[in-house]
Amino acid sequence: MKKLLITRALPDSVLAAARARFDVTLRTETAGLSVAEAAAALRDYDAVLPTLGDGFTAEAFTGDIRCGVLANFGVGYNHIDVAAARAAGVAVSNTPDAVTDATADIGLTLILSACRRAGEGERLVRAGLWTGWQPTQMLGTHVTGKTVGIIGMGRIGQAVARRCLYGFDMPVLYFNRSPKMVDMPARQVDSLHDLMAQADIIVVTVPGGGANTGLIDAAALAAMKPTGIFVNIARGDVVDEDALIAALQKGQIAGAGLDVFAKEPFVPEALRALENVVILPHLGTAALEVREAMGQMALDNIIAWDEGRALPQAV
Ligand SMILES: NC(=O)C1=CN([C@@H]2O[C@H](COP(=O)(O)OP(=O)(O)OC[C@H]3O[C@@H](n4cnc5c(N)ncnc54)[C@H](O)[C@@H]3O)[C@@H](O)[C@H]2O)C=CC1
Ligand SMILES: O=C(O)C(=O)CO
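Remember, predicted model here, so these are calculated numbers, not experimental data.

(A) The site of ligand 2, seen in detail. Lining the immediate environment of ligand 2, one finds Leu52, Gly74, Val75, Gly76, Val99, Arg235, His282, Thr285 and Met294. One nitrogen or oxygen atom from the side chain of arginine 235 is found 2.7 Å from an oxygen atom belonging to ligand 2.

Right under this line is the structure:
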């Protein structure tokens, strides 16, 4: 039996399926693998099922390598240096599609919560400070009919766009790195700053890492409307977090909804102190059947590798 390292606890059904087929070591820590631990995993196991936060940097691939496949649990693989993996003969796969609807749903959760001040309202009630319904209390941004601007019109971006368009009558604008045709009435905008300026609500759905680190900087945020709401469901490093905090503190934008942060699980105190920000602990795919589908997809890629077949979701 091949030796498989699973770097984080997974749903029972996925673990049972993995154990039926492989000699499984399950790591139960919640923190990701350090670079040294990632290097040791590549040295000691035939296959690894890693996830976000694990340190598969170029340095991790410089030692002895026994591992033949890294089957990532998640669609985002910015924690894996894929070029270094390829050079070391390690195949990489991910879990596209399995994550799309759930992550888009969290995007809508953040749009609605940030616009309608849901977090702030809940804190008020829990603190026993609600004095009763009033026509002028806690007025937020009306979502229906507002223009949404999607940055990165891939699988998740399109799923967010469809929900906005058909659920909330929202005109959809999008900015994609390459020209992108989509099967819905949405308009592609040629410049990131034009998109930031034209939309009422911005949703970021690009991959993290590489050239996308710092894509949304102070200048991009400054292009937004003062009434604008900024939502990030992609990766924290895509946004200059200090610039975002400054924009929120100055009232340069109206609010934000964030599922991801630059240095997870660290969330800056300055961000946590802001009433006009809705903060979630990277909940995009946090539903049992979604996590089961992701785990089974990762496992199917390891089985394909074990049987000498092409990886179905090769990166
Ligand atoms: N919050 C969460 O729990 C989750 C977050 N994610 C994140 O969402 C990301 C997107 O996932 P998918 O939609 O499946 O990927 P995808 O590959 O289908 O879509 C990404 C899109 O972004 C575009 N793009 C890339 N760089 C760009 C740039 N600089 N400017 C404009 N467009 C750019 C690509 O051309 C592509 O259309 C993942 O890489 C992951 O980091 C994914 C799942 C869950
Ligand atoms: O799939 C991903 O990239 C995530 O962030 C977690 O599901």
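(B) Spotlight on the side chain of asparagine 301. As for its position among the elements, asparagine 301 is in helix H11 (residues 288-306). Judged by relative accessible area, which is 0%, asparagine 301 ranks as buried. Side chain to side chain, asparagine 301 and glutamine 313 meet in a polar contact 2.8 Å long. In contact with asparagine 301, not counting residues within four places along its chain, are Ala71, Ser93, Asn94, Leu311, Pro312, Gln313 and Ala314.

(C) The domain arrangement of the protein, seen in detail. Domain parsing of the protein yields domain 1 (3-94 + 287-306) and domain 2 (100-279). One C-alpha centre belongs to domain 1, the other to domain 2; they are set 31 Å apart. Counting residues at the interface gives 5 residues for domain 1, matched by 7 residues for domain 2. Across the domain 1/domain 2 interface, buried area totals approximately 420 Å², and carbon plus sulfur atoms make up 56% of it. Along the contact surface separating domain 1 from domain 2 lie 0 salt bridges. Put simply, domain 1 and domain 2 have 1 residue pair in polar contact (both at pLDDT 80 or more) between them. A class-by-class count of the residues in the side of domain 1 that touches domain 2 yields 3 nonpolar, 2 polar and no charged.

(D) Inspection of helix H6 (residues 155-168) at higher detail. The end-to-end C-alpha separation of H6 is 19 Å, in line with the 20 Å expected for 14 residues at 1.5 Å each. Of all the residues in H6, the buried ones are Ile156, Gly157, Gln158, Ala159, Val160, Ala161, Cys164 and Leu165. The inward-facing, buried residues of H6 abut helix H4 (100-115), strand E6 (148-151), strand E7 (172-175) and strand E9 (201-204). Just downstream of H6, aspartate 169 is the residue with a positive phi angle, here 50 degrees.

(E) Representation of the site of ligand 1 within the structure. Ligand 1 sits among 26 residues. The nearest are Ile156, Asn176, Arg177, Asn212 and Asp259. Aspartate 259 places a polar side-chain atom, nitrogen or oxygen, 2.9 Å from a nitrogen atom of ligand 1. Here histidine 282 contributes a side-chain N or O atom positioned 3.1 Å from an oxygen atom of ligand 1. Bound to the protein, ligand 1 loses 90% of the 870 Å² it would expose on its own.

(F) Spotlight on empty space enclosed by the protein. Following the criterion strictly, the structure yields 1 cavity of 30 Å³ or more and no others. Quantified by volume, the largest cavity comes out at close to 30 Å³. Its residues placed into classes, the lining of the largest cavity shows 5 nonpolar, 2 polar and 1 charged.

(G) Examining helix H5 (residues 118-126) more closely. When we look at burial in H5, the residues that qualify are Gly119, Glu120 and Gly121. As for H5, its buried residues are in contact with H4. Remark: glycine 128 follows H5 within two positions and exhibits a positive phi of approximately 70 degrees.

(H) View of unusual backbone geometry. Cis geometry is adopted by the peptide bond preceding proline 265, which originates at glutamate 264 and carries an omega value of 5 degrees. Within the fold, proline 265 resides in the loop between strand E11 (255-258) and helix H10 (269-272). Even without glycine at this site, methionine 138 takes up a positive phi of about 45 degrees. Among the structural elements, methionine 138 can be located in the loop between H5 and E6.

(I) Quick peek at the packing of helix H1 (residues 12-21) against H11. As a packed pair, H1 and H11 sit with axes 9 Å apart at the nearest point and diverge in direction by 15 degrees. With respect to H11, the element H1 is oriented roughly parallel. As for how H1 packs across H11, the hand of that crossing is right-handed. Across from Ser13, Val14, Ala17, Ala18 and Arg21 in H1, the residues of H11 making contact are Arg291, Glu292, Gly295, Gln296, Leu299, Ile303 and Asp306. Of the residues in the contact of H1 with H11, the class split is 5 nonpolar, 3 polar and 4 charged.

About the cut-offs
Residues numbered from 1 in each chain as written. Chains lettered and ligands numbered in written order. Predicted model: local features only at pLDDT ≥ 70, side-chain atom pairs only at ≥ 80, totals over all residues. Heavy atoms only, no water. Near = heavy atom within 4 Å. Polar contact = N/O pair within 3.5 Å; in protein donor to acceptor, adjacent residues only side chain to side chain. Helix = DSSP H or I, 4+ residues; strand = E, 2+ residues; numbered from the N terminus. Buried < 20%, exposed > 50% of the residue type's maximum accessible area, 1.4 Å probe, protein only. Contact = heavy atoms within 4.5 Å. Domains from an automatic or database assignment. Buried area = accessible area lost by both parts, 1.4 Å probe. Salt bridge = Lys/Arg side-chain N within 4 Å of Asp/Glu carboxyl O. Nonpolar A, V, L, I, M, F, W, Y, C, P; charged D, E, K, R; others polar. Expected span 1.5 Å × (residues − 1). Areas by Shrake-Rupley, 256 points an atom, 1.4 Å probe, with all protein chains shown as cover. 1 Å grid on protein atoms, 1.4 Å probe; cavity = no way out; pocket = protein on both sides within 12 Å on 5 of 7 lines; lining within 4 Å. Points joined across faces, edges and corners; volume = space filled by probe spheres on them. Axes fitted to C-alpha atoms, helices over the stretch in contact; angles between N-to-C directions. Parallel < 35°, antiparallel > 145°, perpendicular 65-115°, else oblique. Left-handed = near helix turned anticlockwise from the far one by under 90°.

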